[in-house]
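Working through the structure, step by step
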Amino acid sequence: LSGTRVPKTMKPDGKSIAGILQGKERNQKQRAFYWHYPLAERHFLGGRSSGAIRVGDWKLIEFFDNGDKELYNLKDDLGEKVNLLAKNPEKAKELQQKLDQWRKEVIANK
């Protein structure tokens, strides 16, 4: 989208969503989106060392500094105000397993 070229020596660790952003892919199967934000200390604006996964309406955040987790249903709670971890432990476990597997695949350390 930016017109830049990726050097052939670099191996992307993700999949392009350009077709979705350009409106060319409409029937995209549900896929996971991952975030990895390791920090040695808190960001000066308050950001914490964490990782996250979103699949469909569900988002799981894992904080690396203390191991806390948060689970949200973004369809019902776009502002991430109500942590549903205690009410949906199986969904949290499912997402955590996917997040752990992805970290192994891309060699992402906490």
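In short, a report on the structure. (Residues numbered from 1 in each chain as written. Predicted model: local features only at pLDDT ≥ 70, side-chain atom pairs only at ≥ 80, totals over all residues. Heavy atoms only, no water.)

1. Thoughts on unusual backbone geometry
With glycine set apart, most residues show a phi of negative sign, and most peptide bonds adopt trans. So the rule is basically this: What counts as a helix is a DSSP run of H or I of at least four residues, what counts as a strand is a run of E of at least two, and both are numbered from the N terminus. Note on exposure labels: buried denotes an accessible area under 20% of the residue type's maximum, exposed denotes more than 50%, and partly exposed covers the range between, all computed with a 1.4 Å probe on protein chains only.
The backbone of E80 sits at a positive phi, close to 55 degrees, despite the residue not being glycine. Secondary-structure assignment places E80 in the loop between β4 (69-73) and α2 (89-106). Its identity is not glycine, yet I107 carries a phi of approximately 55 degrees, on the positive side. Inspection of the secondary structure assignment puts I107 in the segment after α2. Judged by relative accessible area, which is 68%, I107 ranks as exposed.

2. Regarding the nonpolar core
A general tendency of soluble globular proteins is for nonpolar side chains to be buried together. Our working rule: Buried Ala, Val, Leu, Ile, Met, Phe, Trp, Tyr and Cys residues form a nonpolar core when they are joined through side-chain atoms within 4.5 Å. Note on contacts: a residue pair is in contact if any heavy atoms of the two residues lie within 4.5 Å.
Core analysis: the largest hydrophobic core is formed by 10 residues, namely I53, V55, W58, L60, L71, L84, A92, L95, L99 and W102. Every element with two or more residues in this core is listed here: β2 (50-55), β3 (58-63) and α2. Among the elements that make up this core, the one with the highest residue count is α2 (4 residues). Ignoring anything within four residues of it in the chain, the contact list for V55 reads Q30, R31, A32 and L95. If you look at the next biggest cluster of nonpolar residues, it comprises 5 residues, including A52, F63, Y72 and L74.

3. Let's talk about the sheet that holds strand β1 (residues 32-37)
Convention followed: The rule for pairing is simple: two strands pair if DSSP sees at least two bridges between them. Each axis is a line fitted through C-alpha atoms, and for a helix only the stretch in contact is used; angles between axes span 0 to 180 degrees, taken between their N-to-C directions.
Strand order in this open sheet of 4 strands is β1-β2-β3-β4, and the pairing throughout is antiparallel. At either margin of the open sheet sits one strand with a lone partner, and together these are β1 and β4. Strand-to-strand, the axes of this sheet are offset by a mean angle of 10 degrees, without reference to chain direction. As paired elements, β3 and β4 share 5 bridges and run antiparallel to each other. Along β4, the bridge assignment pairs W58 with N73.

4. Things to note about the packing of aromatic side chains
Think of a pair of aromatic rings as described by two things: how far the centres are apart, and how the planes are tilted against each other in angle. Note the threshold: When the centres of two rings from Phe, Tyr and Trp lie within 6.5 Å, Trp using its six-membered ring, the rings pair. Their planes under 30 degrees apart give stacked, over 60 give edge-to-face, and anything left gives tilted. A ring is considered to have a charge above it if a Lys NZ or an Arg CZ atom is located within 6 Å of its centre and within 35 degrees of its normal.
Applying the stated rule across the entire model yields 1 aromatic pair. Seen from their ring centres, Y34 and W102 are 4.7 Å apart, and the 5 degrees between their planes marks the pair as stacked. Remark: W102 occurs in helix α2 and Y34 occurs in strand β1; sequence separation between them is 68 residues. According to the relative accessible area criterion, W102 is buried, its value standing at 13%. Cation over ring: R48 sits above F63, and NZ or CZ is 3.9 Å from the ring centre. Over the face of the ring belonging to W35 we find K59, whose NZ or CZ atom lies 5.6 Å from the ring centre.

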